[in-house]
Each structure stands twice: as structure tokens, then as C-alpha cells.
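# A closer look at the structure
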Amino acid sequence: MKLSVVMIRTLLFFLILCSIIRSKAEDGYRLWLRYERITNVSLLKNYTRQLTSVHIGKLSPTIQVAVEELQLAIKSMLVKELALTAQVQSGTLLLGTPASTPVIQAMNISEKLRNTGPEGYLIMSTAWNGKKVIVITANTDKGVLYGVFHFIRLIQTQQDISDLNISSAPKIKLRLLNHWDNLDRTVERGYAGFSIWDWHKLPDFIDPRYKDYARANASIGINGTVLTNVNANAWVLTPHYLEKVAALANVFRPYGIRVYLTARFSAPTEIGGLPTADPLNPDVQQWWNKKVREIYNLIPDFGGFLVKANSEGQPGPQNFGRTHAEGANMLARALAPFNGVVMWRAFVYDDKIPDDRAKQAFNEFKPLDGAFLPNVLVQVKNGPIDFQPREPFHPLFGAMPATPLMMEFQITQEYTGFSTHLVYLANQFKECLSSDTYARGEGSTVARVIDGSLHNYPITGMAGVANIGTDRNWTGHHFGQANWYAFGRLAWNHELTAMSVAEEWIRMTFTNELHVVNTIKKLMDSSWETTVNYMTPLGLHHIMGWNHHYGPAPWIQDKHRADWTSVYYHRADEKGLGFDRTPSGSNAVSQYTQRVSEKFGSRLNCPEKFLLWFHHVGWTEQLSSGKTLWEELCLAYYRGAAEVKQMLETWSTLQGKIDDDRYEHVRTMLSIQHKEAIWWRNACVLYFQTFSKMEIPAHLEKPDKPLSYYMQLEFPYAPGIKPKW
Ligand code: GCV
């Protein structure tokens, strides 16, 4: 058969097209900043008509990156160059602050800008000299940058831009990622490869990833990053490393991101040659003062220190008979002249103290309320134990009116399946934020504590332990990106719903096709509750593998610390299950305000999702459904595992509707998750059965392996293990 020239050309064209499509593999690197071309012709025309050019005033590094991002996005989504113009035309996008842009100054919008503060912005459709324009303005260049990212998001999610009147300002001042990254590039509790900070090649080699990291964070309003692990290494404070930190700060600065470091409390002895690190010793104070001056010389906008002290082996002021406040204030004094802050973690507990671990942070910190200097924030984990799949809110929230408390959430999935489980954590974050502490009557939510509105805190903050690593898709699981995204969006505005945030993310990350958006949204919405069910239903907690926290291990006992065993937390015996934290037990409920304490402390009123957190419940006691605890426990574990199967089935309906690469990757992860959900279910039900001595309800499929099989599994090389110092 002879091929005509036309046929050969067509074939060649087709082959080239295929290779172009293929080479644009969706590896997840672009996160939610994919800027996919808009293929809907009328929408494309509509946007193109409304956007003709961009006008800016004085150029600054931040305005420069804002324009760069806008042009990149428009070029890619609308296939159109958005040229800079000195003249305002119809369809011009005006970018800048009134101070930097005379046209915006002339618009007299200072009144409107009053409520937007130093980081908020306005996006408005308006007319200028009879020309229809869009203005993105703020009191600062940084606000303009945030406004630009919002505007780009409107197009990414295909919103109407014909009549805009948006005003937005963050509810929380410090919106930070906490990296638990070590200087050797391992990441404690990291499941997405190694640390993205290439310390060895810094400061000379600037990995392009640093800029993309900054873009992604700025796009969701994150304005600071703690580069190093809270299990800190003093070396990062040496001149050799500070130069590297400064190089990163230079990349992040135009994006409004400040760098912070973890301060190892014993640094004065480890790298400073002093005989002590006693915070009340004048030489120690001098050493920190000098160190801080050295840092600000290199990094003028350095943010400050995050400190884990006297916890899990970290040194701290108590080594010298001093309090947490005395330790924090010593660092605060050094930082204050530069407007730096200290974020002092409340995650403290000591196995030498014979009290419920859940009570210890409150016991230590509540008496110190008001004793901290104004530039100290106390950073509190969402719950009183340690980022469990589900925890009640931490009793410190609402209990320290004279000390700014900031939130610490965990984005990395240490206790929720690492990076192979699809778990949308915004629902977990929201449950905590919307919990009512009743500290000042009804409506005293955790969100109002941390945004400062309840107690008038002068500084406010929210930190998220990062899930970012060198994996091409940044977070290991494509859906891990959603947790990073949601953290940033909620830190900006905790009133957003978990599902509205999910929808934005799906539209930008996958597609705007409504059926797909809704399918993925549903999957994400139930994913956290599903995980709680197959891991720790009804308020169970900390029953995962010892040290690495991988997989189920409710049988862990007899370790050198009781509070690092599972039996400490679940307290199963032949009578029942659960930790009695009522007045007849550890009385942890007394740390909450009366309304909350009465609710959690009452066997009948305690929400069943927290039942075994607060109560030791008999195996045959009836729950609200009329079924016994044992039956409900089994049903929850089985329901959780069955729901993962359902997630897998739902996902498979998306084949061909999203790109093959990510479809296949997520499908594989979901099958791992399903396998592991069954592992959790079987191991836990069989283990607890040794106490309940009751049959697994007849209609449920029986585990195919004995308990001994699950108990002998070992994972010495599970990722993210805490390093031994
Ligand atoms: C950084 C848990 C984790 C530790 C972590 C610690 C903390 O215990 O397992 O890896 O240490 O929390 O938050 O300090």
C-alpha cells in the first residue's frame, strides 16, 4: 500500500501531537498552580475581552513577582500576552498600592483599604475615565501579591470576573509551615522523600524548587517558614549555615515569606563554648543577643525562633531549674529589638511525672499565663496528646487569656497513614477550630482564641507541620497537596468551609468538570472520618506501631516509658476499654471549662467520637445505637475498611476523566490504603477480642490471619523515624 504525502503528513502530525501530550506528563509538580489552558471557547473569549493589559506603578521585587505570576498565568490559561501598559485602557488590570501607583491613588479608595490591614487586598471592577478596568490594590506590595493570586484563582476556577468587589484580609498574623527537616536532609515524620533544603550546595546553588515553593506558599497566604526540625541541631546557628539560611531568605523575601529557625536551648554550650545555657546567666543572655544580631545582619527580616524545650529529651530551662517562661523570655529579649518572635511549644510531658500525659502541658503552662514577654507565643498542638487521627481540642485553648496561644496542626500524616492514605485533613482542622471552649461563654471557639478576638491577643499564629519533600509531586500522595493547600487557606480565613477549600483545590489541581469535581469532593469529605474508623474509632488513640507509628500495634507495652506504649492509652481489660479521664480517673476533664468538662465527663453526654478518650466503658454497655460497645467497635473498624473499598471504586469511575498519570498513582495508593485499612481492622479487632472475649458479629467477614501474625510484623526501616541524638 502506498501512502500519499497527505497521509504521511497527517501521521507525522499525529505522532508529534502524541509525543507533546505524553511529554506533558502530569507528575504533580505544578501543584495547584497548573494554569491549564481554558478550552471552553465562550469562557475564553469572555476573559480575553475583559483582560487586555496590565498597568503598574513603582516596581518593587514583590510587584515584579506578582506581575510575573499574572503574566505566566494569563499566557498559559488564556494563551494571551498581558502586556504592560502606561495608559489605562478598557480591560486594563491595575496593580499596586495607592502609594506606588498614581492612578490608584487618584481613585480615592483609602477608606476601603482601611479594613484590609498590612496583608489584605481589594479586587474591584470599576471605571476609570470611562474605561472598564479591574483594580488589585492593597496597603502593601505583599497585599497586592496576595490579591493577584486570588485573582488568578478566580480564573483557574472559572468564576465570573465581570463585576468584582472583593475585600479580604487574613484573620491570623503568622501563618507558618514548620519543617521537621534535619541538616542531613532526613525529615522527621516526612513521607515525601528528603528535605528540599539542599544544605550542602547552598548558598551557591539555588534550586529552582525554592522559588516554586515560595510561589505555592504565597498563593495560599503562608507568610513564614521554620526551616529546621524542632528536635533541633545547634549547627544551623553557626555562620556556615546562617549564610545558607540567608540565601533561602533572599529567594522567599519577594513572596512575603520570612524564615524562622529552631533554637536548640543548649546552643550556648554546644557551639558557643559557654559552660552553661542557664537562661538567667548574663553571659548566656549576651551570647543569644550577639547571635541574634549576627542573624539579623544577614537576614534583616528574620522571623524568630521556634523552640521545643524539656520535651522528649530536648534541653530546656528546666535543666537549670528555670521555668518555660524564663527560658522563652531570655530569647524574646534578644529578638525584641528586631521585632522577632519566640514560638515556645507547649508540647511537653515527662515520664517521671506520675500524671496523665494528656494533662501535663496544661499543668505546666496554665500557671505561667501572663508571665511571657509580649513577643512570645505559646504554640499548642490541636489536641492534648499528639496529632492523633482524632483528638478533642487542647484544654489550654481558652485557658490562657494573657498569653497569645498559636495553633499547631500536623499536615504531614504521621498518624494518618503516611503518604499512602488519602485523608483530607481540613475536616480535622475545622472540627478543632469550631470547638467551643466556653472560656467567655458560648461561642468562644478555638478559632476565636487563636485569631486573638476572644482575648485580644496582640499577635496571633497558626503553624502546620509540613508534608513537603523531594518527591516530584512534593507531598508523596497527590492528595497530600490538598492538606498543604487547606492549611494555608484556613490560616488565612478559618471561616472557610472544608468543602469550599476542597472545591477550589480540585478545580485548580484536576479539572473544572463538575461531575469530576463533585466526585472527588465527596471522596475527600468522608476520607478523614473513614480513617478514624479503621484506625482509632470512638476516641481510641495512640495504638500505632512503636516509634515509627506505622500500622496498628495496640499490644505495645513494657517499653522504657509507659506513655510511649499503646496499653497506656487504651486501657483494655476484661471489663472494658478506654481511658477514664473523669473525676474517678485522671480527671483530665477538669482542665476544660465547666460546660465542656460536664459534657466530656458525662458518660451519657460525651460525644461518642470521644467516648474512649474520656471513659472506660464496659464491653457490653449499650451505646446510643442500642448496640454494645464491642459491637460498635467492630462495626466501626469494618465500616472504615469497607469505605476505603468504596473510595477505590469511586476513584475508578474517574478513569479517562483525569490524566492517566495521576489517576493511576492515586489508584495505586488507594489500593495500598485498602490493604492497610484491613490490616488495621483485623489487628485491632483480634487484639481487643482477647479482652472482650466476644464474637465478631456474625455478618462480618472474619480476619484470615491470627493475631500472632499481626503482632510479629516489624518495620525497622519505616520512613520518617525520629533520629537518635
Ligand atoms: C519532632 C511526636 C512525634 C515526634 C515529634 C514530636 C513533637 O512525638 O512523633 O517525631 O518530634 O511529636 O511534636 O515534638
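Just so it is clear, the model here is predicted, and its values are computed rather than measured.

## Considerations on the pattern of salt bridges
Counted by the stated rule, this structure contains 40 salt bridges. Where Glu119 meets Arg175, a salt bridge forms, and the shortest distance between an N and an O atom there is 2.8 Å. Remark: Arg175 occurs in strand β7 (residues 174–178) and Glu119 occurs in the loop between α5 (110–113) and β4 (121–128); sequence separation between them is 56 residues. When its relative accessible area of 10% is taken as the criterion, Glu119 is described as buried. Relative accessible area serves as the criterion here: at 0%, Arg175 is assigned to the buried category. In this structure, the salt-bridge partner of Arg185 is Asp198, at a minimum N-O distance of 3.2 Å. Separated by 13 residues along the polypeptide, Arg185 in the loop between β7 and α7 (208–219) and Asp198 in the loop between β7 and α7 bring together distant segments of the chain. Here the salt bridges do not stand alone but share partners, grouping Glu26, Arg30, Arg34 and Glu36 into one network.

## Structural notes on the site of the ligand
Near the ligand you find 16 residues, and of these Glu188, Lys308, Arg345, Lys381 and Glu414 are the closest. Within the side chain of Lys308, one N or O atom sits 2.6 Å away from an oxygen atom of the ligand. Protein contact buries 98% of the 340 Å² of open area that the ligand shows by itself. Partitioned by chemical class, the residues of the shell around the ligand number four nonpolar, three polar and nine charged.

## A look at the side chain of Asn329
Note on placement: Asn329 falls in helix α11 (residues 324–335). A distance of 2.9 Å separates a polar atom in the side chain of Asn329 from the backbone oxygen of Ala371. Filtering out sequence-adjacent residues up to four positions away, Asn329 remains in contact with Ala371, Phe372, Leu373 and Val376.

Conventions used here
Residues numbered from 1 in each chain as written. Predicted model: local features only at pLDDT ≥ 70, side-chain atom pairs only at ≥ 80, totals over all residues. Heavy atoms only, no water. Salt bridge = Lys/Arg side-chain N within 4 Å of Asp/Glu carboxyl O. Helix = DSSP H or I, 4+ residues; strand = E, 2+ residues; numbered from the N terminus. Buried < 20%, exposed > 50% of the residue type's maximum accessible area, 1.4 Å probe, protein only. Near = heavy atom within 4 Å. Polar contact = N/O pair within 3.5 Å; in protein donor to acceptor, adjacent residues only side chain to side chain. Areas by Shrake-Rupley, 256 points an atom, 1.4 Å probe, with all protein chains shown as cover. Nonpolar A, V, L, I, M, F, W, Y, C, P; charged D, E, K, R; others polar. Contact = heavy atoms within 4.5 Å.

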